[in-house]
Amino acid sequence: AQKVTQAQTEISVVEKEDVTLDCVYETRDTTYYLFWYKQPPSGELVFLIRRNSFDEQNEISGRYSWNFQKSTSSFNFTITASQVVDSAVYFCALYILTQGGSEKLVFGKGTKLTVNP
Amino acid sequence: DAGITQSPRHKVTETGTPVTLRCHQTENHRYMYWYRQDPGHGLRLIHYSYGVKDTDKGEVSDGYSVSRSKTEDFLLTLESATSSQTSVYFCAISEEKGALNTEAFFGQGTRLTVV
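Residues numbered from 1 in each chain as written. Chains lettered and ligands numbered in written order. Predicted model: local features only at pLDDT ≥ 70, side-chain atom pairs only at ≥ 80, totals over all residues. Heavy atoms only, no water.

Right, let's talk about the overall build of chain A for a bit. Within chain A, the regular secondary structure consists of zero helices and 12 strands. Listed by position from the N terminus, the elements making up chain A come as β-β-β-β-β-β-β-β-β-β-β-β. For 117 residues, the compact-globule estimate of 2.2 N^0.38 gives 13 Å, and chain A sits close to it at 14 Å. When the backbone C-alpha atoms are referred to their principal axes, chain A occupies close to 50 × 30 × 20 Å. Residues counted as buried form 46% of the 117 residues belonging to chain A. When the accessible surface of chain A is totalled, it reaches about 5700 Å², and 47% of it is carbon and sulfur. (Helix = DSSP H or I, 4+ residues; strand = E, 2+ residues; numbered from the N terminus. Rg over C-alpha atoms; globule rule 2.2 N^0.38 Å. Buried < 20%, exposed > 50% of the residue type's maximum accessible area, 1.4 Å probe, protein only. Areas by Shrake-Rupley, 256 points an atom, 1.4 Å probe, with all protein chains shown as cover.)

Below is the structure:
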C-alpha cells in the first residue's frame, strides 16, 4: 500500500529560524514522484516541487531546499531564514502509476507551520 | 497558472438534498481527481478519472458519484447530502508526459456546508 507520513502536525518557529518539515513515504513501486504543496490561510493549494524516484539530487530554490533520500524513503523540506509569509500548511504527496495503468496522488496529513515575528 | 475552475466556490445545502460540484479544465489533461480536505485528515481521494467515461473509486467514495462525459469536465455528485460531507473539496488534474515528467495541479477548492 502507498502511504505518506508527515509526523509533525504543527511547528512553530520565530522568524529567521531554519525549519525542516519531514516526509516519509511508502511504496513498492520503483517509479514514482514526490510533491510538496503549500496551502496558505487563503486555502488554495500551491505546487512547490516535484521529484521523480530516479533523481536523488537535492534541490534548492531560494530559501527552500529539499532532501530526497531513497534509503530512508524520505523527502524532507527545509525553509531557511523563515518568514511570516511562510506560515501555511504544507503537504507532501506521493504519485504512483498503478499496474492497471491508472495513477494516484496520495497525500500526507500536512504540517501546519507558524512563523512568528 | 493551470486552467482549472471549480464551481461553485461556496455552497450551503440541506441534509438529504442532491449536490453537484463541477470541475472544468482547459489543459486537456487526461487525469482528473476529486479530493476532500478535513482537519486532521489532510486530503483524501474520493474518485478519479483516467479518461472520458473512465472513473474509479478512491479511499472515501461512499456517498459520492462522479461522471466524466467530456475531457474538460469532471462532476462530483452527492446524491443525498449528509452533515459528514461538510468539507472543502478540491479538484486536481494531471497528465503523464513521458516517463519522467508529471505535473499535478489543483483547483481553488469548493467549501460545502451541509446543514
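And the narrative resumes.
Within the largest apolar cluster, 24 residues are counted, with the highest numbers of intra-cluster contacts made by Trp36, Phe77, Tyr90 and Leu113 of chain A. Mapped by element, the contributors of at least two residues to this core are strand S2 (10–14), strand S3 (19–21), strand S5 (32–39), strand S8 (64–69), strand S9 (74–79), strand S10 (88–97) and strand S12 (111–116) of chain A. If you tally residues by element for this core, the top one is S10 of chain A, at five residues. Residues contacting Tyr90 of chain A, with those up to four places away along its chain left out, are Gln6, Leu21, Trp36, Tyr37, Lys38, Leu48, Tyr64, Phe77, Ile79, Gly110, Thr111 and Leu113 of chain A. Counting residues in each nonpolar core, the second largest holds 20 residues, with Ala93 of chain A together with Val88, Ala92 and Phe106 of chain B among its members. (Core = buried A, V, L, I, M, F, W, Y, C linked by side-chain atoms within 4.5 Å. Contact = heavy atoms within 4.5 Å.)

Residues and elements named next belong to chain B. In this structure, strand S5 (residues 42–51) lies alongside strand S6 (residues 54–57), joined through four bridges in antiparallel fashion. Looking at S6, one finds that His47 is bridged to Lys57. Here S5 folds back onto S6 in antiparallel fashion, the turn holding two residues, of which Lys53 has a positive phi close to 70 degrees. (Pairing = 2+ DSSP bridges.)

Residues and elements named next belong to chain A. Per the counting criterion, the structure on display carries two disulfides over all chains. Shown here is the disulfide that connects Cys23 with Cys92, its sulfur atoms set 1.9 Å apart. Its S-S torsion of about -65 degrees marks the bond between Cys23 and Cys92 as left-handed, since a negative value means left-handed. Residue Cys23 is located in the loop between S3 and strand S4 (24–26), and its partner Cys92 is located in strand S10; the two are separated by 69 residues in the primary sequence. For Cys92, a relative accessible area of 0% corresponds to the buried category. (Disulfide = S-S within 2.5 Å.)

This part covers the confidence of the model for chain B. Residues and elements named next belong to chain B. For chain B, the mean per-residue pLDDT works out to 89, and 91% of the residues sit at or above 70. Model confidence for chain B, summarised as mean pLDDT per element, is weakest for strand S10 (residues 102–106) at 73 and strongest for strand S8 (residues 73–78) at 98. Every residue in residues 97–101 is under pLDDT 50, and counting partners more than four places away or in other chains gives 10 contacts. (pLDDT = per-residue confidence, 0-100.)

Our focus in this paragraph is the pattern of salt bridges. The final tally for this structure, using the stated rule, is seven salt bridges over all chains. The residue Arg63 of chain A makes a salt bridge to Asp86 of chain A at a minimum N-O spacing of 2.8 Å. Residue Arg63 of chain A is found in the loop between strand S7 (59–61) and S8, and its partner Asp86 of chain A is found in the loop between S9 and S10; the two are separated by 23 residues along the sequence. A relative accessible area of 1% places Asp86 of chain A in the buried class. Among the salt bridges present, the one from Lys70 of chain B reaches Asp73 of chain B, with a minimum N-O distance of 3.3 Å. Salt bridges here are not isolated pairs; linked through shared partners, they connect Arg51, Asp55 and Glu59 of chain A. (Salt bridge = Lys/Arg side-chain N within 4 Å of Asp/Glu carboxyl O.)

Residues and elements named next belong to chain B. The four strands lie next to each other as S1-S3-S8-S7, forming an open sheet whose pairing is antiparallel. The open sheet is flanked by strand S1 (4–7) and strand S7 (64–70), the only strands paired with a single partner. Within this sheet the neighbouring strands show an average axis-to-axis angle of 15 degrees, counted without direction. One ladder, built from six bridges, connects strand S3 (residues 19–25) with S8; its direction is antiparallel. Its bridge partner lying in S8, Leu21 is registered against Leu76. (Axes fitted to C-alpha atoms, helices over the stretch in contact; angles between N-to-C directions.)

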